[in-house]
Amino acid sequence: MAKVLMIHPDKCTGCRNCELACSFEHEGQFRPSAARVQAYTWEREGMSVPMMCQQCDDAACVTVCPTGAMHRSNTMANLVDWDAATCIRCKMCTIACPFGNARYDAASSSIFKCDTCQGAPECVTFCPSGALEFIDDEQHVRSRKKAYAAKFKDAFQEVS
Amino acid sequence: MIVKYFATIRTYTGENERRVDDPPATLGPLLETLAARYGTLFRRAVFAGDELNPEIIILVNGRNVLYSGRLEASLAAGDEVSIFPMVAGG
Amino acid sequence: MYGWTGTILRIDLTKGRVKRESTDMKTAHDYLGARGLGGKIIIDELDPKTDALSPDNKLIFAPGPFTGTFAPSAGRYEVITKGPLNNVIACSNSGGAFGPELKYAGYDALVIEGKAAKPTYLWISDDKVEIRDAAAIWGHDTPDTTDLVRAETDEEAKVACIGPAGEHLSLLANIMNEMHRAAGRTGVGAVMGAKNLKAIAVYGTGSVQVADPDRFRAAVMNARKLIQAHPVGGTGLKAYGTNVLVNILNQTGALPTRNFQDGYFPTADKIGGESLAAKQLVRPKGCFSCIISCGRVSKVDNPDYKGFGEGPEYETAWSFGADCGIDDLDAITKANFLCNEYGMDTISLGSTIACAMELFEMGVITAKDTDGVQLTFGNTAAMVEMVRKAGEGEGFGAKLAQGSYRLAESYGHPELSMTCKKQEMPAYDPRGVQGIGLNYATGNRGGCHVRGYTIAIEVLQNGAVMDPRVTEGKAGLDILFQNLTAALDSSGACLFSTFGIGGGELAEMLSALTGVEYSLEEFLKIGERIWNQERLWNLKQGYTTADDTLPDRLLHDPIKTGPAKGEVNHLDRMLPEYYSLRGWDDVGVPTKAKLKELALN
């Protein structure tokens, strides 16, 4: 039973505490442009969506990496990890990721990609709205699925 | 007497207001009667043990009961009682 | 450099010159930032006689040390300038994400001087600053302006801008950022318009540094816990927004109705937060670093008033609602959306329309004056039409756009303008709540609730309680709130964090962030210093003790109906003690001893 970082955009208020927590944890300062998670806001629609690495099982970044710096962690489940020492900063991973979740940061000469803070994600701790959850992969969609199931329940209760 | 409910209190009572004929003489027994009617969530909102919950705002004719005896605040038949949770500022 | 960035950006629009200078760290330590720092710059650099709409006025955008960090709900900034509405140091506070972006771009303050020869916007990207032509953007509403500017700069840039109201120099013009947040009051938007400055776009890739990361994180976690446990900061504001106050104030008998003719509005429930949540709320919204999420993303489906945006806040629901005798929430929300789009202060505009309604019902003005509109209390369509006209500066709207003081005076009835120091009072009737009346009367920027929100204690039971109907102890209460708020406003924190934390928690976070040790006493002293510096400026503007007052109506005409029927405000029982406790003489002038104590000249 491993955990996944689940996002609930319907709960996101666009406060960007996730970016601040991420930057603070990894960099010791507040530089949200360097955060591994980004919450984008669409002002006209009043909606915000947080985005971070999905830790793909069959990760494009791992496939293209020439040195194995991008690799599936052998110590943690559901984690694609990055090894600074073997990385040659070719940036192939940033090209390969279809979600744009791997980024090259020139200031620190590193690849920025969510590492779940090695299993204790700070963004989840700091999110005030429950828009981010670090949850068992057997349960991670349960609340959403059940919320919709409840609508069917209500509809059928009325007629039966 | 009219008792009016606001904000989350309405979700506990299922209504915005209730007429109470022959109200008790003081606030405590009135709240007891209402709590018996509306259930646990209402009870927990208005009471903290045997005391008035510090996070509830109760006005009798616009005056906060904190200045007229809290649960001992006296009530008359024509009074208007308003019950608010502490919810906001601004 | 911790907390602060150490750099101030100075832009001279007349000469088209950009200068970077170092933030004076002694000033930063003693005034923090935002309201305090900006106010000090105005006082040090501006001739008090400067015309607020002249090129000589300075327009300052300043975040605080907290801004850009994860101190909870602490991403605010202030716009500071000489306010054209009433000549005070206008310091208008806003949230959104603009303030933090200024910090990431590297600035403790943006000081804008002079006047551009033609419509202009600024593009600030880290240390690259461009003064650009805004001909294609001038005339657009604030949402369109934001999109147009981002298309030419960076789609993730944060934009502060004026709408048409600022362009036509309405004294009620505001500055909007992120389309829905406002630096609302005292006409700061008109100063920006007078400088031919349409917008400022900022993008920053820099950082805010922390002196003691472990201590800061611990202090922040503690503050977050307190706010989240608080019924208002933790759940109430997110569920209902500020608008839930409508019913509380009405049931207290202090909801100003029909231009303060009364204090009780029988159909208030139709325009309160419960109704908003049921009919219009799409989802809650939070500013940068906010854990409270009081913002309302809202929609109106009614085809007459169709719209989508954010709001209304309590003050807005009151000003276009009870104050105008209107109980149609759809219309009120539409008025709110229009104000955001045109860039206008909702409190002052609603109150000005209410004043006009009273003049109309008295027969002092007629349909001939109001472009054929029957401007009576309760006329919903007329109210919305007048908001639109004011935003356009068209017809009678041009008069409304200059505020109720000038409107009422021009028709020979200044007593019908519900203002203090020419700025409209907000949504709390001082006859029902004594202490807020003292705050309105002594407020440095005129009628204002946020600078000394005694309502928290007098009505909302936030941590302590005081009977709203008594005057005893109110002088001390007002001073405490005014001082604390001045320091809080200068730190970058949001006022609503005080639903949970106090000066102690703020001082602890500030110390850990900046590496400068602030005690609670020192934090409050900074607030007292800032309050006094604003007062000194006002004295130089010719304000005297005679201006520390309320409209006659509130001192002499009792509330007519509702729970506070028969009450008036007893300012005379509170003001002398206020002056005395402040260490001012009996005409409200800070004594030499007090100024020395605060290190003010």
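In this numbering scheme, every chain counts its residues from 1 along its sequence in written order. Labels are handed out in written order, letters beginning with A for the chains and numbers beginning with 1 for the ligands. In view of the model being predicted, local features appear only for residues whose pLDDT reaches at least 70, and side-chain atom pairs are presented and counted only at 80 or more, with totals across whole chains, interfaces and linings using the full set of residues. The basis for every side-chain value is the complete set of non-hydrogen atoms in the structure, without hydrogens or water.

Draft legend 1. Local environment of the overall build of chain C. The helix and strand labels rest on DSSP assignments: H or I over at least four residues marks a helix, E over at least two residues marks a strand, and numbering proceeds from the N terminus. Scanning chain C from N- to C-terminus turns up 24 helices and 17 strands. For a compact globule of 601 residues, the expected C-alpha radius of gyration is about 25 Å, and chain C comes in at 22 Å, within 12% of that figure. A sequence separation of at least 24 residues applies to 70% of the contacts in chain C between residues at least 6 apart. The method behind every accessible area is Shrake-Rupley, applied with a 1.4 Å probe, and residues are considered shielded solely by the protein chains displayed. In the structure as shown, chain C presents an accessible area of about 17,500 Å², 51% of it carried by carbon and sulfur atoms. Charged residues are defined narrowly, with Lys and Arg counted positive, Asp and Glu counted negative, and His plus the chain ends left uncounted. Where a charge lies is defined by one atom per residue type, namely NZ (Lys), CZ (Arg), CG (Asp) and CD (Glu). Mean positive and mean negative side-chain charge positions of chain C (61 and 75 charges, respectively) differ by 2 Å. Two things to know: the radius of gyration comes from C-alpha atoms, and the globule rule equals 2.2 Å times the number of residues to the power 0.38. Only heavy atoms enter the contact rule, under which two residues are in contact if any of them lie within 4.5 Å.

Draft legend 2. Looking closely at the interface of chain C and chain B. Counting residues at the interface gives 34 residues for chain C, matched by 26 residues for chain B. Buried surface at the junction of chain C and chain B, both sides included, amounts to about 2,300 Å², of which 57% is carbon and sulfur. Salt bridges are defined by distance alone: a side-chain nitrogen of Lys or Arg within 4 Å of a carboxyl oxygen of Asp or Glu. For the pair chain C and chain B, the number of links is 2 salt bridges. The closest approach of N and O atoms between Asp269 of chain C and Arg10 of chain B, which form a salt bridge, is 2.9 Å. Nitrogen and oxygen atoms within 3.5 Å of one another constitute a polar contact, given that in protein one can donate a hydrogen and the other can accept it, and given that sequence-neighbouring residues count only through two side-chain atoms. Here chain C is connected to chain B by 12 residue pairs in polar contact (both at pLDDT 80 or more). Secondary structure elements with two or more residues in the side of chain C that touches chain B: helix 8 (231-240), helix 9 (245-252) and helix 11 (314-319) of chain C. When residue character is reported, Ala, Val, Leu, Ile, Met, Phe, Trp, Tyr, Cys and Pro are called nonpolar, Asp, Glu, Lys and Arg charged, and the others, Gly included, polar. By residue class, the composition of the side of chain C that touches chain B is 19 nonpolar, 10 polar and 5 charged. Reported buried area values correspond to the accessible surface (1.4 Å probe) lost by two parts on association, with both partners' losses combined.

Draft legend 3. Representation of the confidence of the model for chain A within the structure. A residue's pLDDT is the confidence the predictor assigns to it, expressed on a 0 to 100 scale. Residues with a pLDDT of 70 or more make up 99% of chain A, whose mean pLDDT is 94. Element-level pLDDT for chain A is lowest in helix 5 (residues 142-159) of chain A, with a mean of 89, against a maximum mean of 98 in helix 4 (residues 122-126) of chain A.

Draft legend 4. Inspection of helix 17 (residues 434-442) of chain C at higher detail. Any residue under 20% of the maximum accessible area for its type is buried, any over 50% is exposed, and the rest in between are partly exposed; the area is computed with a 1.4 Å probe on protein chains only. Most of helix 17 of chain C is tucked away, with 9 of its 9 residues classed as buried. Contacts from the buried residues of helix 17 of chain C go to strand 16 (419-420), helix 18 (455-458), helix 19 (474-491), helix 21 (520-540) and helix 23 (575-582) of chain C.

Draft legend 5. The arrangement of a nonpolar patch on the surface in detail. Residue and element names in this part refer to chain A. Candidates for patches are residues over 30% relative accessible area with no salt bridge; among them, like charges are joined within 9 Å and nonpolar side chains (Val, Leu, Ile, Met, Phe, Trp, Tyr) within 5 Å. On the surface, Phe152, Phe156 and Val159 cluster together into a nonpolar patch covering about 390 Å² of accessible area. By secondary structure assignment, the location of Phe156 is in helix 5. Phe156 sits in the exposed class, given a relative accessible area of 55%.

Draft legend 6. Structural context of helix 4 (residues 142-152) of chain C. Residue and element names in this part refer to chain C. Taken residue by residue, helix 4 has Thr142, Pro143, Thr145, Thr146, Val149 and Arg150 as its buried positions. Each buried residue of helix 4 lies within a common arc of 160 degrees when the element is viewed along its axis, so the set occupies one face. Among the structural elements, strand 7 (120-125), strand 9 (158-161), strand 10 (175-177), strand 12 (197-203) and helix 12 (329-342) are those in contact with the buried residues of helix 4. The backbone nitrogen of Asp144 has a side-chain oxygen 2.9 Å away, supplied by the residue at the start of helix 4, namely Asp141. The reported arc concerns the directions from the helix axis to the C-beta atoms and nothing else.

Draft legend 7. Examining the packing of helix 19 of chain C against helix 21 of chain C more closely. Residue and element names in this part refer to chain C. Axis definition: a line fitted to C-alpha atoms, over the contacting stretch in the case of helices. Angles run 0 to 180 degrees between N-to-C directions. For the pair helix 19 and helix 21, the least separation of the axes is 7 Å and the interaxial angle reads 95 degrees. Classified by the angle their axes make, helix 19 and helix 21 are roughly perpendicular. Listed contacts from helix 21 to Gln482, Asn483, Leu484, Ala486, Ala487, Leu488 and Ser490 of helix 19 are Phe523, Leu524, Gly527, Glu528, Ile530 and Trp531. Split by residue class, the contact of helix 19 with helix 21 holds 8 nonpolar, 4 polar and 1 charged. By definition in this entry, angles of less than 35 degrees are roughly parallel, angles greater than 145 are roughly antiparallel, angles of 65 to 115 are roughly perpendicular, and the rest are oblique.

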